[in-house]
Amino acid sequence: MKTNMSDTSNRLHSRFLLHILVLMFIYVPIVVKSQQGFNLSGEIICLENGEAIAFANVALFDTSHTSIVSGAASDEAGTFKMADITPGTYNLQVSALGFESYRKEIDLLNGNLSLGVIGMSGKNLELKDVDVISRRIPAKQASGSTTFFISPKMQESSNLGTDILRLLPGVAVDLQQNISLEGSRNIIILVDGKERDGSYLSQLPASKIDKVEVISSPPARYDASVTGIINVLLTQNDDSGWDGHVYAEIPASGSEVFLTPAYSLNYGFGKVNLFTSYNGDLRRFNITETYERTVFDNPESTTITSMQILTQKTWSHKFHYGADWYLNDRNQLNFYGFYNPYSQELDGTTELLATGINPGYRKAEKNDDDINHSLFHSLWYKHIFNKTTGHDITLETSQHTLRAVNSTTYTDTETGSSVENKMQPDNRSMHIRLDYSLPLGKSTKISTGMQGRFRALNDKNQENFSYRENVYAGYGGFSFSNSKLETSVGLRIEYASKKLPGQEPVSWWHLLPNASVKHNLNNGHSVAFNYRRSLYRPGFYQLNSNISTDDPFTYSFGNPNLQPEQINHAYLEYSGRFNNHFLSTRLFYRHISDAIRNLMTLNPNGNFGIQSNNIGNIYQYGIQISGAIVLGKAGINPYVKLFDASSNPYQAAREHAVESRHQLVLESGLSAYVAFGRDFTASATFQYTSPMNEIQGNSFSGALYFLSLEKAFAKGLKAGVVSGLPLAKDFTYQGYEFESSRFSHRSTGKLNLSSVPLWIKISYQFASGGKRQKIERATSVPEREIRKGF
């Protein structure tokens, strides 16, 4: 056997004692409450040389592999023993640094059982890539990322993957299951290295999540429009045989219906894994959208007040499917796809009252018709040149289509006249990507690749809107690491061109560098510096110049001449572990140029126009603090971000009385969980962001908080109850306000709630068969367009 470990005998003794103490802390309560049972013992050796393996972790799970029954660590002679185990059938798992994990199903039915000699195969490891966790630390800092280790208590207090994310500092999940990282939704979600959208986590059982890697500064290989990455790593490999889960929700009130049913099913045989899953999103609730505008230009001020009382009806059915094919040890193939029909409609009444020079009152019925069909497929191939060094090449191609009909009709209740706004998006995109990785030794590595993305955006209801965009990218990176220093540099070069009907193609180049340096201090403390330049590209509704009439005084339209906004982000971070706690403090600076924001203007005829524009620059600088604090059977994860947001509008915005401004912004979050007796757990989360400077005005929303209680039962069954915003009665999900020398504007969108909204959640997991390897890959998943409503 060949490994790169060299521990002294003192360190081995210390590690052994630490293993024993922590395992006693974790497992003794489980054993104490169980009935008098049988003993389980065995001896662990290395298959290559027959030597004993000391301090291996031995865990005994139930048959669903969701709950730990007992645990132990092998001594210096490689032997272990578990006592007082209730008779039954269990899954045994043995793991040790430098060895492949060992798993076996055992029957402990007829008395004490000796497993005899257990042989484990060695594998080559780079120590920097291995986390030896006896008493599991809450988090670990790396260059440009933080890894949060999910404790059993966090798993028990959650049902789905989105519940786990709510417990992490800096990660927010709202009532619509929208996921954001450090205030941005423009992120990538990975599951074991496979890119998935946020809805995929809504069908992923929380008990399968082992750790979550949060990357605040993505390297050059990721798309330039991405501000962060959340990589969810699972606890176990795919099964040979069947495994899966089902999940259901039951609303306790008819005032607000939030249903997210889900299932997953995996089947492995030979060299093939087949998988399918489903997650639904069925919602119905009442919202109130209002605005008030006052015009100062006239001798007598004019005030316009609008109120829309609406019922939002949202449904989505997303069907995932795919296959992994292990051709041999060096070649892997993966196919993945989904089909997603969905709709979001807001129906109800609108009232408009105008006072001043042109007074009036209007009332209309609002009716939406919305249907969308989204289809995505990808094919991925990986060739491994040298399995022990990570020398590999990957090729991926994907295609996405979206066809939709979106229409809104306003019908005057008195005259019967109507106005219809209609769009028929027919959008297609194709993506191809090639990545190559070459280690130059144990400490250095280079990577390179190229990428092409092609978009065609059409509106069948508007023949003159036909937008074409092609983006070509080449990128490379170099990394070096040792026990004291981790550093990486990368550069992404993008060439993009766009074409509009009747216009010559427009093209531009972007150089997007990134760099990170991390110095490891003593005892888990470190100091790091990170820098990255990224882009944000406008979506279909921001580019589409089709005019929509929102009310008799307001119309909105997109801007096909928008340029991507550029973001330069740098931060200096200190992080450290204090006993079993983790703390990170960051000083940061962000500059957004060519910021894409809505600009509201007042026309000479007294109407208001709203258009997306490259409106100016935004500068942000401040401090960010996050942590993971473990208090026995409880945990608290705080997140606080305080910064100054200043804006500098371009001349086109200044001509409409938009001025430079400063705004102090607080972004905060807090999550907590605790375990009680009898397999009960509880959790709570809180999220709040103060008004944000958006150049012309401030956007704002209300505080969001959740309370939940979970109960685990035998054989993979779990039930719980969750309440969102209890006693609040309403929730401001969006708001915008500003005041200029010409006019002022304030708008809010509120979700109307019952006094204590409740949802009952039930989940069940099942599994059979042995464990098998899974393909780790990344694929490009399209983002859903930003729509109106909550």
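Scoring rules and cut-offs
Residues numbered from 1 in each chain as written. Predicted model: local features only at pLDDT ≥ 70, side-chain atom pairs only at ≥ 80, totals over all residues. Heavy atoms only, no water. Helix = DSSP H or I, 4+ residues; strand = E, 2+ residues; numbered from the N terminus. Buried < 20%, exposed > 50% of the residue type's maximum accessible area, 1.4 Å probe, protein only. Contact = heavy atoms within 4.5 Å. Areas by Shrake-Rupley, 256 points an atom, 1.4 Å probe, with all protein chains shown as cover. Core = buried A, V, L, I, M, F, W, Y, C linked by side-chain atoms within 4.5 Å. Salt bridge = Lys/Arg side-chain N within 4 Å of Asp/Glu carboxyl O. pLDDT = per-residue confidence, 0-100. Pairing = 2+ DSSP bridges. Axes fitted to C-alpha atoms, helices over the stretch in contact; angles between N-to-C directions. Phe/Tyr/Trp six-rings, centres within 6.5 Å; stacked < 30°, edge-to-face > 60°. Lys NZ or Arg CZ within 6 Å of the ring centre and 35° of its normal. Polar contact = N/O pair within 3.5 Å; in protein donor to acceptor, adjacent residues only side chain to side chain.

This paragraph deals with the overall build of the protein chain. When you go through the protein chain residue by residue, the secondary structure sums to five helices and 45 strands. By the burial criterion, 52% of the 790 residues in the protein chain qualify as buried. Counting only contacts in the protein chain whose residues sit at least 6 apart along the sequence, the fraction spanning at least 24 positions is 66%. In the form shown here, the protein chain has an accessible surface area of approximately 34500 Å², with 56% of it arising from carbon and sulfur atoms.

Further remarks concern the nonpolar core. Counting 31 residues, the largest nonpolar core has L165, L168, I179, L201, V212, I230 and V232 as the members making the most contacts within it. Mapped onto this core, the elements with two or more residues apiece are α3 (161-166), β10 (171-173), β11 (179-181), β12 (187-191), β14 (209-215), β15 (228-234) and β21 (331-355). Apart from the residues lying within four places of it in its own chain, the contact partners of L168 are F148, I150, M154, V212, N637 and S671. If you look at the next biggest cluster of nonpolar residues, it comprises 21 residues, including I53, A72, A96 and I106.

The next subject is unusual backbone geometry. Even without a glycine there, the phi angle at E182 is positive, about 50°. Counting through the fold element by element, E182 comes out in the loop between β11 and β12. The buried category is assigned to E182, whose relative accessible area is 13%.

This paragraph deals with the pattern of salt bridges. For the structure shown, the criterion picks out 24 salt bridges. A salt bridge links E182 to R586; its shortest N-O distance comes to 3.3 Å. Of this pair, E182 sits in the loop between β11 and β12 while R586 sits in strand β34 (residues 581-602), and the two are 404 residues apart along the sequence. Taking the shortest distance from any N to any O, the salt bridge between D392 and K382 comes out at 4.0 Å. In this pair, D392 sits in strand β23 (residues 391-412) while K382 sits in strand β22 (residues 360-386), placing the two residues 10 residues apart along the sequence. Connected through shared salt-bridge partners, D223, R453, R492, E494 and R537 make up one network.

The predicted structure's coordinates, where accompanied by low pLDDT, should not be read in detail. Here the protein chain averages 83 in pLDDT, while 88% of its residues score no lower than 70. Counting contacts from residues 1-35, a segment whose pLDDT is below 50, to residues more than four positions away or on other chains yields 52 contacts. pLDDT under 50 marks residues 771-787. Its contacts with residues more than four places away, or in other chains, come to 85 contacts.

A separate point is the sheet that holds β14. One open sheet accounts for six strands, arranged β8-β9-β14-β15-β12-β13; its pairing is mixed. Edge strands, defined here as strands with exactly one partner in the open sheet, are β8 (139-142) and β13 (194-196). Within the sheet, the average angular offset between the axes of one strand and its neighbour, ignoring direction, is 25°.

A few words on the packing of aromatic side chains. Using the criterion set out here, one finds 21 aromatic pairs in the structure. Note on F148 and F582: the rings are 6.4 Å apart at their centroids and 85° apart in plane angle, and the pair reads as edge-to-face. Of the two residues, F148 is situated in strand β9 (residues 145-149) and F582 in strand β34; the sequence distance between them amounts to 434 residues. Judged on exposure class, the residue F148 and its partner F582 are both buried. Feature note: the residues F454, Y472, Y495 and W509 constitute an aromatic cluster, connected by ring pairs. Over the ring of F706 we find R166, and its NZ or CZ is 4.3 Å from the ring centre. In this structure, R586 is placed above the aromatic ring of Y571, and the distance from its NZ or CZ to the ring centre is 3.8 Å.

What follows concerns the pairing of strand β36 (residues 634-649). Taken together, the 14 bridges between strand β35 (residues 608-631) and β36 define a ladder with antiparallel strand orientation. Bridging across to β36, Q620 finds its partner in A645. A loop of two residues connects β35 with β36, the two strands running antiparallel in sequence, and G632 in this loop sits at a positive phi of about 65°. Strand direction decides the pairing type here: β36 and strand β37 (residues 661-675), joined by 14 bridges, are antiparallel. For V640, the partnering residue across the bridge sits in β37 and is S668.

For the rest of this paragraph, the subject is the environment of N39. Residue placement: N39 occurs in strand β1 (residues 38-46). Setting aside chain neighbours within four positions, we find N39 in contact with K81, M82, A83, D84, L108, N112 and L113.

As a further point, take the side chain of D281. With respect to the element layout, D281 can be found in strand β19 (residues 272-295). At 2.4 Å, the side chain of D281 and the side chain of R283 are in polar contact. Setting aside residues up to four positions removed in sequence, D281 forms contacts with L259, T260, T314, W315 and S316.

It is worth spelling out the sheet that holds β1 at this point. One open sheet holds the three strands; their spatial order is β4-β1-β7, and the pairing between them is mixed. The strands lining the two open edges of the sheet, one partner per strand, are β4 (79-85) and β7 (113-120). On average, adjacent strands in this sheet sit at an angle of 20° to one another, irrespective of strand direction. With six bridges connecting them, β1 and β7 associate as parallel partners. Residue pairing for β7: L40 is matched across the bridge by L113.

Once that is clear, we can look at the environment of T401. Tracing the backbone shows T401 in strand β23. Placed 26 residues apart in sequence, T401 and L375 show a C-alpha to C-alpha distance of 5.4 Å.

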